[in-house]
Amino acid sequence: MDLNLILVVMVIVIALIFDFTNGFHDAANAIATSVSTRALTPRVALIMAAVMNIFGALMGTEVAKTIGEGIIDISHYSLSTDTGLQREGLVIVLAALVGACTWNLITWWFGLPSSSSHALIGGLVGAGLASATAVKWTGIVQHVIVPMFASPVIGFLLGFILMKIVLWLFANFPYHRTMRNFRLAQTLSAAAMALGHGLQDAQKTMGVIVMALIAGGYGETHQVFDPATGDMQIPLWVKLAAAGAISLGTYSGGWRIMRTLGRKIIDLDPARGFVAETISAAVLYLSAFVFHAPISTTHTITSAILGVGSTRRFSAVRWGVAGNIVIAWFLTLPAAAAVAAVMFFAIHGLVGIV
């Protein structure tokens, strides 16, 4: 059997495994606040999030194109008819995925809501550097680094401001009835957040699968380029596979991280949960549809929770827990890159022997 075909299949399988880990790792992003405020039961919340992830994954492809074309340049491998060069391109993508999966599992084990998106991007950069492949630093700065810092700041500030407005508007309303109404409203805000999670995170896996098809010389076979414009397009089977994997991962839950987001940072009430989810969903949609940036759903919801929590009083937020989360955020890119670089040399050597 053709070794390149085996590598393409391996990349697709591991990409879907990454997508699955992304689902259970980031399930908390969409539903932790709703579960912690008892707006939804855990099982109902997971089912709702899984379904909305599927719809979100099918809503666009711009983030997938950013991942597939805007992080590293694999054209040297994909345009070559040399099977050895194509094989090296596949090893790069495979090593990147292993690095991302490894970091996802480490942070999941410790219950830290780190970014699956940045784990994947870090893996691509690490494997790219290890293989002396051109890394598109301008694109990374524009689409990764700037949003990495901007989205948490925006999430925090908007969460704080909108929560202050909500507190002012409902100051004279009966507390318990108002909280019941916000608990009902959280069903919608959690669904919107889950839709945004599918829109952002499933697309990243689509981009990696298309990269593998291109690197392995199967781009034309699967029509990954629009014949009229030459732009990258995502085949329907890739969309459905990525949507299904992230949905299954979401349904399997992510209880360790859910406890961190829902309970350990701050004790949320339904009003604050609703505002945090609404702000996070809005930022996710804006970044996907307007800026085409693969931002972190984890960073966005965590910062929004910190923002709404700070309106109670700054001491109400458990800043020690928040500090550990921020440390994990900064470690994600270099840690995933380091694992991916090591895996590139290991897999490259193994493939060379075969």
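Parameters at a glance
Every chain is numbered on its own, with residues counted from 1 as its sequence reads. For a predicted model such as this one, the threshold for reporting local features is a pLDDT of at least 70, and the threshold for listing and counting side-chain atom pairs is 80 or more; totals across whole chains, interfaces and linings nevertheless cover every residue. Based on all heavy atoms of the structure, the side-chain values leave hydrogens and waters out of the count. Think of it this way: any DSSP run of H or I at least four residues long counts as a helix, any run of E at least two long counts as a strand, and we number them from the N terminus. Here a residue-residue contact requires only that any non-hydrogen atoms of the pair lie within 4.5 Å. Exposure was quantified through the Shrake-Rupley algorithm and a 1.4 Å probe, taking into account, for residues, occlusion by the shown protein chains and nothing else. One side-chain nitrogen of Lys or Arg within 4 Å of one carboxyl oxygen of Asp or Glu is enough to make a salt bridge. Accessible area is worked out with a 1.4 Å probe on protein chains only. A residue is then buried under 20% of its type maximum, exposed over 50%, and partly exposed in between. Multiplying 1.5 Å by the residue count of a helix minus one yields the expected span of that helix. UniProt positions are given in the numbering used here, feature names are shortened, and annotations may be inferred rather than shown by experiment. Only rings of Phe, Tyr and Trp enter the pairing, Trp through its six-membered ring, and a pair is recorded when the two centres are within 6.5 Å. The plane angle decides the type: under 30 degrees is stacked, over 60 is edge-to-face, the rest tilted.

*Asks:* Go over the overall build of the chain, please, and point to the residues and values.
*Replies:* Assigned secondary structure in the chain consists of 13 helices and zero strands. Starting at the N terminus and ending at the C terminus, the chain contains elements arranged as α-α-α-α-α-α-α-α-α-α-α-α-α. By sequence separation, contacts in the chain at least 24 residues apart represent 87% of the contacts at least 6 residues apart. For the chain, the exposed area adds up to about 14,200 Å²; of that, 70% sits on carbon and sulfur atoms.

*Asks:* Help me get a handle on the pattern of salt bridges, residues and values and all.
*Replies:* Counted under the stated rule, the structure contains three salt bridges. Among the salt bridges present, the one from Lys65 reaches Glu62, with a minimum N-O distance of 3.7 Å. Residue Lys65 and its partner Glu62 are both found in helix α3 (residues 62-70); the two are separated by three residues, about one turn of the helix. With a relative accessible area of 22%, Lys65 lands in the partly exposed category. In this structure, Asp201 and Lys204 form a salt bridge, with 3.0 Å as the shortest nitrogen-oxygen distance. Placement of both Asp201 and Lys204 in helix α8 (residues 175-215) is noted, with a separation of three residues, approximately one turn of the helix. The buried category is assigned to Asp201, whose relative accessible area is 0%.

*Asks:* Before we move on, can you summarise helix α11 (residues 270-291) with the specific residues and values?
*Replies:* Its 22 residues give α11 an end-to-end C-alpha distance of 31 Å, which sits within 8% of 32 Å, the value for a rise of 1.5 Å per residue. One or two positions beyond α11, positive phi appears at His292, with a value near 55°.

*Asks:* Give a detailed account of the UniProt feature "transmembrane region" (unreviewed entry) in the chain, specifying residues and quantitative values.
*Replies:* Sites flagged by UniProt as "transmembrane region" (unreviewed entry) map to residues 5-24, 44-68, 89-111, 117-137, 149-171, 234-253, 274-295 and 326-351. Here residues 44-68 is 84% helix and 0% strand, with 34 Å between the C-alpha atoms at its ends. Segment residues 149-171 splits into 91% helix and 0% strand. End C-alpha atoms: 33 Å apart.

*Asks:* Outline the side chain of Thr178, listing residues and values.
*Replies:* Within the secondary structure, Thr178 sits in helix α8. Take Thr178: its relative accessible area is 7%, and that puts it in the buried class. Sequence-distant contacts of Thr178, that is, excluding residues within four places in its chain, are made with Phe170 and Phe173.

*Asks:* Break down the packing of aromatic side chains for me, citing the residues and quoting the values.
*Replies:* For the coordinates displayed, the defined rule picks out five aromatic pairs. An angle of 50° between the planes, with centres 5.8 Å apart, marks the rings of Phe149 and Phe330 as tilted. Highlighted residues: Phe149 in helix α7 (residues 137-169) and Phe330 in helix α13 (residues 319-353), separated in sequence by 181 residues. For Phe330, a relative accessible area of 47% corresponds to the partly exposed category. Residues Phe170 and Phe182 carry aromatic rings whose centres are separated by 5.3 Å and whose planes lie at 70° to one another, so their mutual orientation is edge-to-face. Here Phe170, found in the loop between α7 and α8, pairs with Phe182, found in helix α8; they are twelve residues apart in sequence, far enough to count as distant.

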